[in-house]
Amino acid sequence: MMKPSRFNHLVSFSRGVELLFNSFSKQLAVLRGARAKQVRALLSHPDTAGHDQAARQCWRELVAHGYLVEDALDERGVYMHERLEAEASSRHLGLTVAPTLACNMCCVYCYQKPNPVPMTRQVEDALIRFFARESVSGGSAAVTWFGGEPLLRFGTIRRLSQAFLGIARSRKISYSAFLVTNGYLLDGDVARRLVRLGVQRAQVTLDGPPEVHDQRRPDRSGAGTFERIWANVQAASRYLSISLRVNVDQTNADGIRPLLERIQESGLARRIDVYLGQTFPYTDACSDIAEQCLDRADFSRLSLETAWEMVCRGFRSSGSSRLPQRRLTVCMAERANSFVVTPSGGVVKCWNEIDDPESCVDHLLRPRDASHQAAASRWKLRDLAEESCADCSLLPICAGGCPYVARRTGKPACHQWRAELDRSLSLYYYLRVRSRESEIAGRFGALVDAVRGLAGIDAESGNRGAVEASGAQGSESLGRHS
Ligand code: SF4
Ligand code: SF4
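Keep in mind that what you see is a predicted model, and the values were worked out from it rather than measured. (Residues numbered from 1 in each chain as written. Chains lettered and ligands numbered in written order. Predicted model: local features only at pLDDT ≥ 70, side-chain atom pairs only at ≥ 80, totals over all residues.)

Caption draft 1: Spatial organisation of unusual backbone geometry. A cis geometry characterises the amide bond from Gly147 onward to Gly148, with omega recorded as 15 degrees. Take Gly148: it is sitting in the loop between β7 (140-145) and α5 (154-170). Within the chain, Lys172 stands out as a residue other than glycine whose phi angle is a positive 55 degrees. Within the element layout of this structure, Lys172 appears in the loop between α5 and β8 (174-181). (Helix = DSSP H or I, 4+ residues; strand = E, 2+ residues; numbered from the N terminus.)

Structure, rendered in structure tokens:
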């Protein structure tokens, strides 16, 4: 006996096209006409395929791709089991390292308490020993350089990176590193040196065009920072993969479009990724910005509209236009072998607790004590089967949301898929069709233009009619469209 998966999503797209997505198997199927009807019938009554050849083939595909599952299968239990294994896995070491909590900028929404005391050589040496102890030969290690502004302490990044790379090489550990920076010091020369230190990617923040960004992210004297960061992004993107983060709230949402225009005009649109970050009053230190923050639904909508705008402007695809990925844990806070190291040698589990000594779950220079154990117990892996996530069909792609927010608010911090999954899947499907169109356009450009003209399709606006015009290219297979 079979039953429909609890993780199925059926989305009506337009003009008879339906999308069937399963958040556990990550399969997306495009359905039309009689096929859509047949699939809906089999999902409602899985054991009615009978002897009809087409219905039996459809049934087999629904089973193969996880839309229909054994009646006795506890899908949520399987997910929870995999989640527990991921939490306990020690083959991967995740380290976020803050060489300093000092910063050369003064952002209006910053939640960190600035602290000018940088990481000492003693802490550096202890951290190298920690890396050697916690990493596993033949496994992997990922380091994130964080702050404050980490590039204020380039010497620490250099010394630690050289030591980490040496250990990784000698023990066949796959090593990667990522930098979170405000971009002010990330010029081309620094980017080139970072690459030699194993850093492949960097996140830089610009909050809009100059007049918007400079109000929100000035330097410590109050002067604007946009033009310098902008020049740095252009230079650094020749060496590093750059993700440009735009922190949005109600006061700067209108600045997104002018920023995208500037990126497009500069030719950066195909070289960098751009995504929106949601400002959130994570800690008491930033409770005064709570009123201007966007709520989850508005933020999700804005992310999707921005993804659409980026597609129309020829940007590289953004996160919002990709198929959701399965996640077993949300972040390092939920993984046993992942840590955040503060400049003074404290070890915490969450980026938001980097300046809070009471949150240390360990210390590089002191033996572990009862206060560390008490702090660690707050990060015990949540049993999502007992929370409001238990019956959520998005569980495999959300994993219960940020545990820090859940703890502070008593409510799950739902991923933006919760508000926008249908439209996200529709956008993804549209982009797949669109990219196939551009392949064809490359070969038969004039012909495609002529067909568009005949069909009355507005190629510039990319309206949804285009999907139906090229619908014949969408496969009827129930397998993944990725
Ligand atoms: S617990 Fe939340 S805020 Fe902390 S690192 Fe994880 S996702 Fe980020
Ligand atoms: S946090 Fe929200 S979207 Fe995520 S699994 Fe829980 S209920 Fe679902």
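Next comes the rest of the description.
Caption draft 2: Highlighting helix α1 (residues 33-44). Taking 1.5 Å as the rise per residue, α1 with 12 residues should run 16 Å; its terminal C-alpha atoms sit 17 Å apart, in good agreement. When we look at burial in α1, the residues that qualify are Ala36, Val39 and Leu42. Here the buried residues of α1 occupy an arc of 130 degrees about the axis, which is enough to place them on one side. Opposite its buried face, α1 presents the exposed residues Gly33, Ala34, Lys37 and Ser44, each directed more than 90 degrees away. Turning to α1, the residues buried within the fold contact β3 (18-22), β4 (27-31) and α2 (53-64). (Expected span 1.5 Å × (residues − 1). Buried ≥ 20, exposed ≤ 12 C-beta atoms within 10 Å, placed from the backbone. Arc of directions from axis to C-beta. Contact = placed C-beta atoms within 7 Å.)

Caption draft 3: Main features of the sheet that holds strand β11 (residues 273-278). Sheet architecture is open: nine strands sit in the order β11-β10-β9-β8-β7-β6-β12-β13-β14, paired in mixed fashion. Each of the sheet's edge strands pairs with one partner strand only, and the pair in question is β11 and β14 (362-363). In the sheet, β8 pairs with strand β9 (residues 199-205) via five bridges, with the strands oriented parallel. Of the residues in β9, the one forming a bridge with Val180 is Gln203. Relative to β8, α5 is tilted by about 160 degrees, and along the sheet it contacts β6 (92-97), β7 and β8. (Pairing = 2+ DSSP bridges. Axes fitted to C-alpha atoms, helices over the stretch in contact; angles between N-to-C directions.)

Caption draft 4: The arrangement of the nonpolar core in detail. One finds Val97 and Val341 to be the most contacted residues of the largest nonpolar core, which totals 109 residues. Among residues more than four places away in sequence, those in contact with Val97 are Leu127, Val143, Trp145, Phe146, Leu160 and Val341. (Core = buried A, V, L, I, M, F, W, Y, C linked by C-beta atoms within 7 Å.)

Caption draft 5: A look at the environment of Gly66. In this fold, Gly66 is placed in the loop between α2 and β5 (68-70). Taking the C-alpha atoms as reference points, Gly66 and Phe7, separated by 59 residues in sequence, lie 9.0 Å from one another.

Caption draft 6: Focus on the environment of Asp391. Mapped onto the elements of the fold, Asp391 is located in the loop between α11 (370-377) and α12 (395-398). Distance from Asp391 to Arg76, taken between C-alpha atoms, is 8.7 Å for residues 315 residues apart in sequence.

Caption draft 7: Broad picture of the site of ligand 1. Neighbouring ligand 1 are the residues Val330, Cys331, Ala333, Cys350, Trp351, Asn352, Cys402, Pro403 and Tyr404. Looking at the shell around ligand 1, its residues break down into eight nonpolar, one polar and no charged. (Near = placed C-beta within 6 Å. Nonpolar A, V, L, I, M, F, W, Y, C, P; charged D, E, K, R; others polar.)

Caption draft 8: The packing of helix α4 (residues 121-134) against α5, seen in detail. Running from N to C, α4 and α5 cross one another at 25 degrees; their axes reach a closest spacing of 10 Å. As the angle between them shows, α4 and α5 are arranged roughly parallel. In the packing of α4 onto α5, the handedness of the crossing is right-handed. Facing Glu124, Leu127, Ile128, Phe131 and Ala132 of α4, the residues of α5 in contact are Thr156, Arg159, Leu160, Ala163, Phe164 and Ile167. Looking at the contact of α4 with α5 residue by residue, the classes come out as eight nonpolar, one polar and two charged. (Parallel < 35°, antiparallel > 145°, perpendicular 65-115°, else oblique. Left-handed = near helix turned anticlockwise from the far one by under 90°.)

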